[in-house]
Structures are given as C-alpha cells and as structure tokens.
Amino acid sequence: MHTAEAATHGKSLDLLTASARGAQSFEALYDVYGMDRMNLDGHLLLTSKLDVARIWTGEPAEAAASLPVHAAR
C-alpha cells in the first residue's frame, strides 16, 4: 500500500528522485507502519544505486555506499 502511495504522490516522488542523486537505476528502502493492510505511516530510509550491468550475473556485490536519506519526520 505504501509503495503505491509513494509512487503516485508528487512530494514522495520528489524525495525519492532527490535521494537517488541522478542514478537511473536504484533501489529504495522504506520503513512502513501499517495494520490490517492499511498504510498508517512510512518513511524513505535510504536509496542505493544498482549496477544494471552486473545485476543478473550472480557475481557477489561489491560493498556499495548506500545513500542515506535525511528527511525530516
């Protein structure tokens, strides 16, 4: 539920794209609080750039620096 909300609201999308720092491919980690399939609250914790050339190779991932999000709650 939170993913749908974050992907359809301008403010959430702005925060997500800003935290990706121009990366074309990235993953995002959210801290979400919910109850009985209801999204009560959620915060973007960090984004991490994806290496799309290596994602399906099966090679171990290098220790990539995560991009923490410092958003006011």
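Above this text sits the structure in question.
Residues numbered from 1 in each chain as written. Predicted model: local features only at pLDDT ≥ 70, side-chain atom pairs only at ≥ 80, totals over all residues. Heavy atoms only, no water.

A. Seen up close, the overall build of the protein chain. Each helix and strand in the protein chain was counted, giving 2 helices and 3 strands. When the helices and strands of the protein chain are placed in sequence order, the string is α-α-β-β-β. Here the protein chain, with 73 residues, has 18% of them falling under the buried criterion. Within the protein chain, residue pairs in contact and separated by at least 24 positions form 41% of the contacts whose partners lie at least 6 positions apart. Working note: accessible area of the protein chain is about 5900 Å², and carbon and sulfur atoms make up 57% of it. (Helix = DSSP H or I, 4+ residues; strand = E, 2+ residues; numbered from the N terminus. Buried < 20%, exposed > 50% of the residue type's maximum accessible area, 1.4 Å probe, protein only. Contact = heavy atoms within 4.5 Å. Areas by Shrake-Rupley, 256 points an atom, 1.4 Å probe, with all protein chains shown as cover.)

B. Spatial organisation of a nonpolar patch on the surface. Taken together, the side chains of Tyr33, Met35, Met38 and Leu40 present a nonpolar region at the surface, about 440 Å² in accessible area. Among the elements of the structure, strand 1 (26-35) and strand 2 (38-49) are those that each provide at least two residues to the nonpolar patch. By the element assignment, methionine 35 lies in strand 1. We classify methionine 35 as partly exposed; its relative accessible area is 49%. (Patch = residues over 30% accessible without salt bridge, like charges linked within 9 Å, V, L, I, M, F, W, Y side chains within 5 Å. Salt bridge = Lys/Arg side-chain N within 4 Å of Asp/Glu carboxyl O.)

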